[in-house]
Amino acid sequence: MSRLSTLIAEGRRPVVTAEFPSIDGGGLEAIERAADELRPFVDAVNATDNPAAHAHASNTSIAIAMSQFGLEPIMQVVCRDKNRIAMQADIVGASLFGVENIACLTGDDVTAGDEPEARRVFDLDSTQLIKVAAGLGEGHYLSGRAIKQPPTLFVGAVENPFAPPLDYRVQRALKKAEAGARFLQLQIGYYPERLEAFVRGCVEVGVTRTTALLPTVVLTKSAKALSFMDDAVPGISIPVDVIASVAGAGDKEAIAEASYQLTLDISRHALSLPGVSGIHLTDFRHDGSLERLVRDLGIGPAFDPVATASGTTSH
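Everything numeric in this text was worked out from a predicted model, so none of it was measured. (Residues numbered from 1 in each chain as written. Predicted model: local features only at pLDDT ≥ 70, side-chain atom pairs only at ≥ 80, totals over all residues. Heavy atoms only, no water.)

Student: When you look at the overall build of the chain in this model, what are you seeing that I'm missing?
Tutor: Counting secondary structure elements, the chain contains 13 helices and nine strands. By principal-axis analysis of the C-alpha atoms, the chain measures approximately 60 × 45 × 45 Å. Burial analysis of the chain (315 residues in total) assigns 50% to the buried set. When contacts within the chain are restricted to residue pairs at least 6 apart in sequence, those whose partners lie at least 24 apart make up 76%. By element, 53% of the accessible surface of the chain is carried by carbon and sulfur atoms, the whole surface being about 14,200 Å². (Helix = DSSP H or I, 4+ residues; strand = E, 2+ residues; numbered from the N terminus. Buried < 20%, exposed > 50% of the residue type's maximum accessible area, 1.4 Å probe, protein only. Contact = heavy atoms within 4.5 Å. Areas by Shrake-Rupley, 256 points an atom, 1.4 Å probe, with all protein chains shown as cover.)

What follows is the structure, given as structure tokens:
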């Protein structure tokens with residue numbers, strides 16, 4: 001089984017996952033450099049699948065390459081670009097190289113990207129894909145055709161606790177858990193009361209009995225970055241007063257520090273909630289703040305005596 005699944009099952013410390021940067025060139029050296037920065041501080045890393053409807057190096061190639069450089073990949077699979085046959089082929093193909101963690105997403109519409117004329121597929125939605133991926137792990141394709149040596153898979157998905165209709169979000173999470181999702185990486189959010197309500201609801205209906213909740217936090221260094229997410233990123237809304245407090249912090253360095261402290265506060269709040277199993281990190285700063293954050297929080301493999309003793313934090 002994957003290290004991520006083992007850590008979540010053990011529950012002895014919060015897990016830390018992160019986003020791998022999109023790769024457009026530079027060969028394996030570019031992947032190795034990014035892996036070296038992340039490896040000591042995170043447990044598993046998302047190999048994204050054409051995020052925001054922009055073409056990049058494929059999810060399968062990045063996931064396989066990440067594993068070669070000592071990172072445990074979480075391979076995202078997005079329903080927007082491929083039909084059910086191609087998605088099943090990607091999952092099974094990646095598993096041949098030891099990729100076990102799968103995150104199922106419906107995906108942003110093509111209008112979010114730089115090729116809005118691209119044809120949409122959406123043969124499946126994310127909940128249907130979760131069930132298909134779980135079936136692959138059980139030993140059969142969607143058609144019912146048997147897989148003699150089925151892949152070992154740890155299937156997850158995403159959910160947004162912050163977007164309306166808020167009351168329905170817990171039910172969506174439950175449907176994904178029932179379909180076979182064993183972890184949910186949550187959308188970036190700046191409304192702590194909404195996250196509290198969502199996590200509490202997931203505990204009450206039983207989602208957290210089978211499925212780990214990993215709220216996402218994002219490292220930024222300016223109010224401009226917050227405004228961009230609020231204006232341009234589907235599913236993200238940031239309160240005006242939050243943006244204003246960062247913008248009014250002072251000079252450029254003070255604003256960058258206020259941005260960091262905002263992320264630290266959001267992280268601490270998320271990790272304090274019963275039912276939360278860890279956090280998912282998105283780093284827009286790329287200035288060492290990810291390491292600073294996990295150190296300030298005291299979480300991740302660098303602060304795990306078991307992992308450190310076994311040498312799993314080094315390549």
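Student: Any chance you could explain helix 7 (residues 192-205) here in plain terms?
Tutor: Given 3.6 residues per turn, any residue in an α-helix points the same way as the ones three and four places further on. For helix 7, built from 14 residues, the straight-helix expectation of 20 Å at 1.5 Å per residue is met to within 8% by its first-to-last C-alpha distance of 20 Å. When we look at burial in helix 7, the residues that qualify are Leu195, Phe198, Val199, Gly201 and Cys202. Buried residues in helix 7, looked at end-on, bunch into an arc of 160 degrees, giving them a common side. The inward-facing, buried residues of helix 7 contact strand 5 (154-159), helix 6 (166-179), strand 6 (183-186), helix 8 (207-210), strand 7 (212-214) and helix 11 (252-271). Following helix 7 by one or two positions, glycine 206 has its phi on the positive side, about 95 degrees. (Expected span 1.5 Å × (residues − 1). Arc of directions from axis to C-beta.)

Student: I would appreciate a short explanation of the state of the cysteines in the present structure.
Tutor: Joining two cysteines, a disulfide is a covalent bond between their sulfur atoms. Here the structure, examined in full by the defined rule, presents zero disulfides. Cysteine 104 supplies the cysteine sulfur nearest to cysteine 202, a cysteine that is in no disulfide, at a spacing of 17 Å. Residue cysteine 202 is classed as buried on the basis of its relative accessible area, which comes to 0%. (Disulfide = S-S within 2.5 Å.)

Student: In this structure, what is going on with unusual backbone geometry? I would like to understand it.
Tutor: Negative phi is the rule for most residues except glycine; trans is the rule for most peptide bonds. Proline 165 follows proline 164 through a cis peptide bond whose omega is 0 degrees. Along the polypeptide, proline 165 turns up in the loop between strand 5 and helix 6. A positive phi angle, near 50 degrees, is found at asparagine 50, a position not held by glycine. Under the relative-accessibility criterion, asparagine 50 is labelled buried at 19%. Although it is not a glycine, alanine 53 sits at a positive phi angle of roughly 60 degrees. Among the structural elements, alanine 53 can be located in the loop between strand 2 (44-47) and helix 3 (59-68). Since its relative accessible area comes to 13%, alanine 53 is described here as buried.

Student: Even after reading the chapter, I still don't get the side chain of glutamine 76, so can you show me in this structure?
Tutor: Inspection of the secondary structure assignment puts glutamine 76 in strand 3 (residues 73-78). With residues near it in sequence (within four places) discarded, glutamine 76 still touches Glu19, Asn46, Ala47, Thr48, Asp49, Asn59, Ala103 and Leu105.

Student: Could you clarify how one ought to interpret the side chain of serine 126 in this entry?
Tutor: Within the secondary structure layout, serine 126 lies in helix 5 (residues 126-138). Ignoring anything within four residues of it in the chain, the contact list for serine 126 reads Cys79, Cys104, Leu105, Thr106 and Lys176.

Student: Before we go on, may I ask you to explain the pairing of strand 9 (residues 278-283) in this structure?
Tutor: The two faces of a sheet get side chains in turn, since along a regular strand they alternate between them. In terms of residue burial, strand 9 counts as a mostly covered element, since six of its six residues are buried. Residues of strand 9 alternate between two faces, with Gly278, His280 and Thr282 on one and Ile279, Leu281 and Asp283 on the opposite face, all of them buried. Of the pairings in the sheet, the one linking strand 1 (residues 15-19) to strand 9 comprises four bridges and is parallel in character. Paired with valine 16 across the two strands is isoleucine 279, which belongs to strand 9. (Pairing = 2+ DSSP bridges.)

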